[in-house]
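Examination of the molecular architecture
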Amino acid sequence: MANFTVKKVAVLGAGVMGAQIAAHLANAQVDVVLFDLPAKEGPKNGVVLRAIEGLKKLNPAPLGHADLAACIAAANYDDDLELLRGCDLVIEAIAERMDWKHDLYRKVGPWLADHAIFATNTSGLSIGRLSEGVDEKLRARFCGVHFFNPPRYMHLVELIATPATDPAIVDRLETFLTTTLGKGCVRAKDTPNFIANRLGTFGMFATVAEADKAGLAIDVVDDLTGEKLGRAKSGTFRTVDVVGLDTVGHVMKTMQDQLPDDPFAALYRTPASFSALIAKGALGQKTRAGFYRKDGKAVLRYDPASGEYVPAGAKADETVARILKKKDPVERLKLLRESTNPQARFVWAVLRDAWHYAACKLGEIADNARDVDLAMRFGFGMAQGPFEAWQQAGWTQVAEWIKADIDAGQALASVPLPSWVFEGPVAQRGGVHQPEGSWSAARGEFVPRAAHPVYQRQLFPVTLAGEQAPSGHTGGHTIHEDDSIRLWTVDGRGVDDVLVASIRSKVHAIGPGVIAGLLKAVELAERDYKGLVIWSPDDPFSYGADLQAMLPVFMSGGVPAIEAAEKGLQDAMLRLRYAHVPTIAAVANMALGGGCELAMYCARRVAHLESYIGLVEVGVGLIPGSGGLAFGARRASEEQAVAPDSNLLDFLKKYVLAAGTAQVSRSAIEAQSMGYLVPGDRVVFHRQELLYAAIREAKAMSDAGYRPPRKSMIRVAGRTGIATVSSQMMNMRDGGFISAHDYHLGRTIAEVMCGGDVEAGSVVDEEWLMALERKAFTALIQHPKTQERVMGMLQTGKPVRN
């Protein structure tokens, strides 16, 4: 078992969660077989086949590319149990019925391999009780693995062991989930709803109760409990609509059924508004009505008082919004508590209730406060977990305020705070998170982070307020630093021989300072290091060229100044491409326009799964001007050279269309099919492993004797290609799908990528194509329609369609 590798996985249950877990396994190139009951009519695998087909239609997309659906094998429990023998991991994800799960365990147990891990994806049932349905010999390999929905996008997975579970099994599962699937794993105790759903569901109970006391409408509550509070944009009630009222109702019922003697049990009652909507079948987005409903373009909200839908859109009071914008957490909380505004008092009450409950339940549900905070951040999209938010606001003062409200009967429950809040190390040190670890109420000590080997790949893991761990913003050894860029190395760990360039401009826009910094980085890397990695600790990778910086250049120097600036950008890209050390773009989140071009011209790209890459310049009435079109022409020529009997235009069209319609990949996997990631580029699933993977890639390339590519000649489609592409775009224009200016932009892109006014099959060099780019770019910057788009973007941040 020392070399245990998960090669193949079976997922039992093709419902919403099971099918999407299978989809994410397919994203990660893991062989996966999806089981369900045999269909009563048609093909016996019909239930699973319909679920797999449904994956292609879901939004947000569970698959990195729709074609990956074909990688999920369909199976049923009557004919295909033999397939389980070849699986290293089996995940059960059927309905939340203890008896149904036990029946299934008895059916599949005899078919599992002797080394296989058996895990249940239950969202809250007792893992210990579930294990009673498993053969005694299998119990050491049985545990809980609770994915959050949707599995591709939600970072959290809770791991729950039973007393019989072999600890090594959980360690191996954590390694697989972390690196292969990109998950943030948290160990939870075997209590109802585990950590995140336990606290999250109580938070929902508390929010509804406090909103009723304050007389607040649901749209106002969502505005107050969303981004303004450092939580998911959807707030409270929109989140319920997304998850589904029936699903949330089930989680609530788990708490009601399994925690009858809990001191907070009186608060676990299903709110009347939830019951009323569920009774109507208004379950949220899945039924197109829940707490919100669309009526044409109008958004309506549910009014519990009348039972009807009324216009939505109300926001928080401006005075409360200003308080929530205060940067000092101590001042912010004090203002909320002392305010007489009902909305401010509501926000204080919601925070107080959450912190009160978390403190009381810490020892019961989790080993330590770090696990609680990470679970809430990973599972509910919170900027801070409950304990770190409390600690930053002033541990002792907040504790006294909570106690005062409990004593005055203002809190939802009269349960006193545990003694460790006021006494001993936590009170003395001012909070649960300290440099040496986080407080464990069960152990009565600060507990360090786990020394699991998988976390050595996270050079800068997610940290909590109070831990004082180095971050990607400040950690490492700085070589050069200015307002635009930081050049640095990671301290020790065998990776300090690769230079890292971190862009510091807003949205990592590429302006003169960034370009100067990148050129300096290449020079230093060639002189002193094995390679150069372009990586930033925060998203995005880059939104592209700095339009704000470009405008004064045009106003003061006109077309010649713009052409010189574009030539400088192109030369910088070529410097990266032909550097004598490997240059690696570590891409995460948005790589748009010039950001996409920056990634293109590195020797290699290491991209996080959630990378959204594209040339989007047509949105501001321009074309890619930093080599993006030359890249597409070169790649088409290279692809056609492998199949010399094929038509060059067949390869070129995808690049022309992508740039002409500003297509952006919906994943790094889709970027591969679009040609923005090329063979040899890597996709990394865990965001915190991206820097490690990129540095290792640079070192491996260097150690293998890296040499930059030779400057090659590029075969182009010429006048014939321009005519063919233009005729297709003309049909789109005449059909009303694109505007006249869109057509002009599309034709301009075709002219550049086809090599200009030359014969089909002509051979040109990179400089020829880049000169065409510059000429077209400078012509467009003078076009009135382009200027309208540029000014519209600068003024509103949104593209203008003209």
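Use the structure listed above.
What comes next concerns the included structure. (Residues numbered from 1 in each chain as written. Predicted model: local features only at pLDDT ≥ 70, side-chain atom pairs only at ≥ 80, totals over all residues. Heavy atoms only, no water.)

Now for the overall build of the protein. For the protein, the helix and strand inventory stands at 28 helices and 23 strands. The C-alpha radius of gyration computed for the protein amounts to 28 Å, which stays within 12% of the reference 28 Å derived for 802 residues, consistent with globular compactness. Its C-alpha atoms give the protein principal-axis dimensions of roughly 80 × 65 × 60 Å. A total of 802 residues make up the protein; the buried ones form 55% of that total. Within the protein, contacts between residues separated by at least 24 positions form 69% of all contacts whose residues are at least 6 apart in sequence. Split by element, the accessible area of the protein, about 33,100 Å² in all, is 53% carbon and sulfur. Side chains of the protein carry 88 positive and 92 negative charges; the gap between the two charge centres is 2 Å. (Helix = DSSP H or I, 4+ residues; strand = E, 2+ residues; numbered from the N terminus. Rg over C-alpha atoms; globule rule 2.2 N^0.38 Å. Buried < 20%, exposed > 50% of the residue type's maximum accessible area, 1.4 Å probe, protein only. Contact = heavy atoms within 4.5 Å. Areas by Shrake-Rupley, 256 points an atom, 1.4 Å probe, with all protein chains shown as cover. Lys, Arg positive; Asp, Glu negative; His and termini not counted. Charge placed at Lys NZ, Arg CZ, Asp CG, Glu CD.)

Here we come to the sheet that holds strand E5 (residues 117–120). Pairing in this open sheet of eight strands is mixed, and the strands run E3-E2-E1-E4-E5-E6-E7-E8 from one edge to the other. On the outer flanks of this sheet lie strand E3 (72–76) and strand E8 (184–187), each paired with one strand and no other. The mean inter-strand angle of the sheet, taken between neighbouring strand axes irrespective of direction, is 25 degrees. The pairing of strand E1 (residues 8–12) with strand E2 (residues 31–36) spans five bridges and is classified as parallel. From the neighbouring strand, valine 11 faces E2, where its bridge partner is leucine 34. Against the sheet, helix H3 (residues 98–108) engages E1, strand E4 (89–92), E5 and strand E6 (142–147), with an angle of about 165 degrees to E5. (Pairing = 2+ DSSP bridges. Axes fitted to C-alpha atoms, helices over the stretch in contact; angles between N-to-C directions.)

A separate point is the packing of helix H12 (residues 329–338) against helix H13 (residues 342–365). Here H12 crosses H13 at 115 degrees, and the two axes come no closer than 7 Å. Taken together, the axis directions place H12 and H13 in an arrangement best described as roughly perpendicular. The handedness of the crossing between H12 and H13 is left-handed. Contact residues: H12 offers Leu333, Leu336, Arg337 and Glu338, while H13 offers Ala344, Arg345, Val347, Trp348, Leu351 and Trp355. Grouping the constituent residues of the contact of H12 with H13 by class yields seven nonpolar, no polar and three charged. (Parallel < 35°, antiparallel > 145°, perpendicular 65-115°, else oblique. Left-handed = near helix turned anticlockwise from the far one by under 90°. Nonpolar A, V, L, I, M, F, W, Y, C, P; charged D, E, K, R; others polar.)

What follows is about the pairing of strand E20 (residues 604–614). Across the 11 residues of E20, 10 count as buried, placing the element largely inside the fold. Inspection of the sheet shows strand E19 (residues 583–592) paired to E20 by eight bridges, in the parallel sense. Note on E20: the bridge partner recorded for alanine 586 is valine 606. The parallel pair E19 and E20, bridged by helix H20 (residues 594–600), forms a crossover whose chirality is right-handed. Bridge count between E20 and strand E21 (residues 682–684): three bridges; the pairing is parallel. Residue valine 606 lies in a different strand from E21, and its bridge partner there is arginine 682. (Right-handed = clockwise from strand over helix to strand, strands pointing away.)

Moving on to the nonpolar core. One finds Phe118, Phe274, Phe387, Trp390 and Trp420 to be the most contacted residues of the largest nonpolar core, which totals 109 residues. For this core, the element with the highest residue contribution is H13, accounting for 12 residues. For phenylalanine 118, the contacting residues outside a window of four places in its chain are Leu12, Val90, Glu92, Tyr105, Val108, Leu112, Val134, Leu138, Arg141, Phe142 and Cys143. One finds Val514, Leu615, Ala658 and Val716 within the second-largest nonpolar core, a separate group that totals 86 residues. (Core = buried A, V, L, I, M, F, W, Y, C linked by side-chain atoms within 4.5 Å.)

Let us look at the pattern of salt bridges. Side-chain pairing between opposite charges can occur once the charged atoms of the two side chains come close. Under the defined criterion, the tally for this structure stands at 58 salt bridges. Between lysine 101 and glutamate 92 there is a salt bridge, with its nearest N and O atoms 2.4 Å apart. No difference in accessibility class separates lysine 101 from glutamate 92, as the two residues are buried. Of the charged contacts in the structure, one is a salt bridge between aspartate 742 and arginine 801, with a shortest N-O distance of 3.0 Å. Residue aspartate 742 is found in helix H26 (residues 740–753), and its partner arginine 801 is found in the segment after helix H28 (784–796); the two are separated by 59 residues along the sequence. You can call arginine 801 exposed: its relative accessible area is 54%. (Salt bridge = Lys/Arg side-chain N within 4 Å of Asp/Glu carboxyl O.)

On to the sheet that holds strand E18 (residues 531–534), then. The strand order across the open sheet built from seven strands is E15-E16-E17-E18-E19-E20-E21, with neighbouring strands paired in mixed fashion. Each edge of the open sheet carries a strand with a single partner, namely strand E15 (477–481) and E21. Within the sheet, the average angular offset between the axes of one strand and its neighbour, ignoring direction, is 25 degrees. Examined bridge by bridge, strand E17 (residues 498–503) and E18 share four bridges and lie parallel to one another. Of the residues in E18, the one forming a bridge with valine 498 is glycine 531.

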